[in-house]
Amino acid sequence: MKQKSQTQLSCGLSNMTLAMMACISLSGCITLAAPDKPIVIELNINIQQEVVYRLDGDAKNLIEENEDIF
């Protein structure tokens, strides 16, 4: 197994330190705030529904004979 030299380790640490400092400095640039006006969503929805049913002849006769239970 090959060991890294002291200069390679310190160079890698300094690069990582610079990257962390850049991330920390950029984190101050992001702000979150609630909007002043409410969010309005307009929905124009038109729903049409058709119900089509077909009954077997025996079922239809049974329903017609016993209308009082339906």
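Refer to the structure printed above.
Parameters at a glance
Residues numbered from 1 in each chain as written. Predicted model: local features only at pLDDT ≥ 70, side-chain atom pairs only at ≥ 80, totals over all residues. Heavy atoms only, no water. Helix = DSSP H or I, 4+ residues; strand = E, 2+ residues; numbered from the N terminus. Buried < 20%, exposed > 50% of the residue type's maximum accessible area, 1.4 Å probe, protein only. Areas by Shrake-Rupley, 256 points an atom, 1.4 Å probe, with all protein chains shown as cover. Patch = residues over 30% accessible without salt bridge, like charges linked within 9 Å, V, L, I, M, F, W, Y side chains within 5 Å. Salt bridge = Lys/Arg side-chain N within 4 Å of Asp/Glu carboxyl O. Lys, Arg positive; Asp, Glu negative; His and termini not counted. Charge placed at Lys NZ, Arg CZ, Asp CG, Glu CD.

Chemist: Looking at this structure, I do not really get the overall build of the protein. What am I missing?
Modeler: Within the protein one finds two helices and zero strands. For the protein, buried positions account for 0% of its 70 residues. With the model as given, the accessible surface of the protein reaches about 7,900 Å², and the carbon-plus-sulfur share is 58%.

Chemist: How should a nonpolar patch on the surface be read in this particular structure?
Modeler: Judged by side-chain polarity, Ile 39, Ile 41, Leu 43, Ile 45 and Ile 47 come together as a nonpolar surface patch covering roughly 670 Å² of accessible area. On the secondary structure map, Ile 39 appears in the loop between α1 (6-27) and α2 (57-65). Of the residues examined, Ile 39 reaches a relative accessible area of 71% and is grouped as exposed.

Chemist: What is the right way to read a negative patch on the surface from this model?
Modeler: Taken together, the side chains of Glu 64, Glu 65, Glu 67 and Asp 68 make up a negatively charged region of the molecular surface. As for its position among the elements, Glu 65 is in helix α2. Judged by relative accessible area, which is 63%, Glu 65 ranks as exposed.

Nothing here speaks to function; it is all geometry.
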